[in-house]
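The chain contents come next:
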Amino acid sequence: MSDKHILKGSLQAIILQLLTEQDRMYGYEITQKVKQLTANELHLTEGALYPALHKLESEGFLEAEVEVVENRVRKYYKLTSEGKTEAANKALALLESFRQITQLLQIKPL
Amino acid sequence: MKLTKEQIAEIKGWISKKGFTEIDLQYEILDHMVCAMEELLEKKPSLTLREAFDQVHAGFGIFGFLSVEESMQKNLSRQIWARFKKELKNLFFTDDFILVALVAAILYFTAQVLAQHAAYWFIFLSLLSFFGNGWYLLKSQKMTLKQAWRYKYVKVLNEVGFGLYIPMQILIQFQMRLLALPVSYQLGILGSLAFVFIIYSLACTRVARWAFEHYGAHYLRYGQL
């Protein structure tokens, strides 16, 4: 499994977590924030980010608002009340998975 | 480097040529492209606008914007189906279901009479048409609670009429075969088919109403900007 696959599986949790820290964000801002927080290690591709955002929106975890910024329309995403609960659940589930994987990887051969 | 209104309009044209149909996706992608291109042109000022566009577009992968649009369409159909299932489920737990059952029972007994006297179908269909027209008249007016209930009753009756139409057509198509069956069997087949179509038609109407309101509000917000 490549780093890309691990990231794809965690993408929704990452988006929800970023939105708990910041009230609202737009797509490009999310990609930049991930780059910044991981010191340019992780790159979210647009082809993965937007489908994930739209899926979270269709599931009712995110709501969108639009406004005009610098001669263009910008779509901001923010967490709904269900999204806040989902963010906490997803973060916990992801941390638990990482804890289990870490434990598994630390097994020393006999 | 900030892009001008004219440059943004040019980029919008290039994005439109890629065949986008969803307005909100067009705007979202445009904003993303402009942000990324502004950053790229800041780092490499020698690039032309088109070169910057092509470089940022390449970041979307080999399928370009297509994968994003496909996912958006998948989400839309997922939303519609989820709503349809929800409405179907709700129908069994609301007063609409009782109303449908009541109307279906009345129709069942009416059908028993009609089965014996074919000429009464004319009166029956005329009444259905009358209620159907009444529904359109009531729809265009503001209603009191009593009127609203009547509207609901007429609406359900109209949908029941629509639900009966298709089974009736099936019945006519297979008339020869069905006529060999006892009347109670024929009514049973008609009743079962009608029930399925009534529930289906009620769920479809509700989903359509929800979709018009939901997506109407969704897209209208762009018109206000």
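Residues numbered from 1 in each chain as written. Chains lettered and ligands numbered in written order. Predicted model: local features only at pLDDT ≥ 70, side-chain atom pairs only at ≥ 80, totals over all residues. Heavy atoms only, no water.

Before we move on, can you summarise the side chain of S71 of chain B with the specific residues and values?
Turning to its location among the elements, S71 of chain B is positioned in helix α4 (residues 66–91). Ignoring any residue separated from it by four or fewer positions in sequence, one finds S71 of chain B in contact with P51 and H54 of chain A. (Helix = DSSP H or I, 4+ residues; strand = E, 2+ residues; numbered from the N terminus. Contact = heavy atoms within 4.5 Å.)

I'd like to hear about a nonpolar patch on the surface, residue by residue, with values.
Taken together, the side chains of F92, F93, F195 and V196 of chain B define a hydrophobic patch exposed on the protein surface, amounting to about 430 Å² of accessible area. The topology assignment puts F195 of chain B in helix α9 (residues 183–223). (Patch = residues over 30% accessible without salt bridge, like charges linked within 9 Å, V, L, I, M, F, W, Y side chains within 5 Å. Areas by Shrake-Rupley, 256 points an atom, 1.4 Å probe, with all protein chains shown as cover. Salt bridge = Lys/Arg side-chain N within 4 Å of Asp/Glu carboxyl O.)

Hey, could you go over the nonpolar core for me, with residue numbers and the actual values?
Note on soluble globular proteins: their nonpolar side chains tend to be buried together. By size, the foremost hydrophobic cluster in this structure holds 48 residues, and its most contacted members are I15 of chain A together with I11, M33 and M37 of chain B. The biggest single contributor to this core is helix α2 (residues 23–43) of chain B, with 10 residues. With residues near it in sequence (within four places) discarded, I15 of chain A still touches I30, L49, A52, L53 and L56 of chain A. Counting 7 residues, the second-largest nonpolar core is a separate cluster that includes L91, I199, A203 and V207 of chain B. (Core = buried A, V, L, I, M, F, W, Y, C linked by side-chain atoms within 4.5 Å. Buried < 20%, exposed > 50% of the residue type's maximum accessible area, 1.4 Å probe, protein only.)

Explain the packing of α2 of chain B against α4 of chain B to me, using residue names and the numbers behind them.
Residue and element names in this part refer to chain B. Orientation of α2 relative to α4, taken along the N-to-C sense of each, is 145 degrees, at an axis distance of 11 Å. Crossing geometry of α2 relative to α4 is assigned as right-handed. The residues of α4 that touch α2, namely those facing D24, L25 and I29, are V68, E69 and M72. Residues of the contact of α2 with α4, tallied by class, amount to 4 nonpolar, no polar and 2 charged. (Axes fitted to C-alpha atoms, helices over the stretch in contact; angles between N-to-C directions. Left-handed = near helix turned anticlockwise from the far one by under 90°. Nonpolar A, V, L, I, M, F, W, Y, C, P; charged D, E, K, R; others polar.)

Which residues make up the sheet that holds strand β1 (residues 24–26) of chain A, and what values do they have?
Paired through backbone hydrogen bonds, the strands of a sheet run either parallel or antiparallel to each other. A sheet is described by the order of its strands in space; here 3 strands give the open sequence β1-β3-β2 (chain A), paired in antiparallel fashion. In this open sheet, the two strands that pair with only one neighbour each are β1 and β2 (62–69) of chain A. Strand after strand, the sheet turns through a mean of 35 degrees between neighbouring axes, direction not considered. Across 8 bridges, β2 of chain A lies against strand β3 (residues 72–79) of chain A in antiparallel orientation. Across the sheet, the residue bridging to L62 of chain A is L79 of chain A, located in β3 of chain A. Strands β2 and β3 of chain A of the sheet are contacted by helix α3 (residues 46–58) of chain A, whose axis makes an angle of about 60 degrees with β3 of chain A. The strands touched by α2 of chain B are β1 and β3 of chain A; relative to β3 of chain A, the strand with the most contacts, the crossing angle is about 100 degrees. (Pairing = 2+ DSSP bridges.)

Quick one: what's the story with the interface of chain A and chain B, residue by residue and with numbers?
Each partner contributes residues to the interface: chain A has 26 residues there, and chain B has 27 residues. Summed over both sides, the interface between chain A and chain B buries roughly 2400 Å², with carbon and sulfur atoms accounting for 57% of that surface. For the pair chain A and chain B, the interface holds 4 salt bridges. At the level of secondary structure, the elements contributing two or more residues to the side of chain A that touches chain B comprise α2 (27–37), α3, β2 and β3 of chain A. No other element matches α3 of chain A, which puts 8 residues into the side of chain A that touches chain B. Of the residues that constitute the side of chain A that touches chain B, the class distribution is 9 nonpolar, 8 polar and 9 charged. (Buried area = accessible area lost by both parts, 1.4 Å probe.)

So what's going on with the environment of Q12 of chain A? Which residues, and what values?
Residues and elements named next belong to chain A. Mapped onto the elements, Q12 comes out in helix α1 (residues 3–21). For Q12, a relative accessible area of 17% puts it in the buried group. Taking the C-alpha atoms as reference points, Q12 and K55, 43 residues apart in sequence, are found 9.1 Å from one another. Not counting the four nearest positions on each side in its chain, Q12 is found in contact with K55, L56 and K90.

Outline the pairing of β3 of chain A, supporting the account with residue identities and numerical values.
Residue and element names in this part refer to chain A. For β3, a buried count of 7 out of 8 residues is recorded, marking the element as mostly surrounded by other parts of the structure. Sheet topology places β1 next to β3; 3 bridges connect them, and they run antiparallel. When the bridges of β3 are listed, R24 appears paired with K78.

Everything listed is a geometric property; what it means functionally is a separate question.
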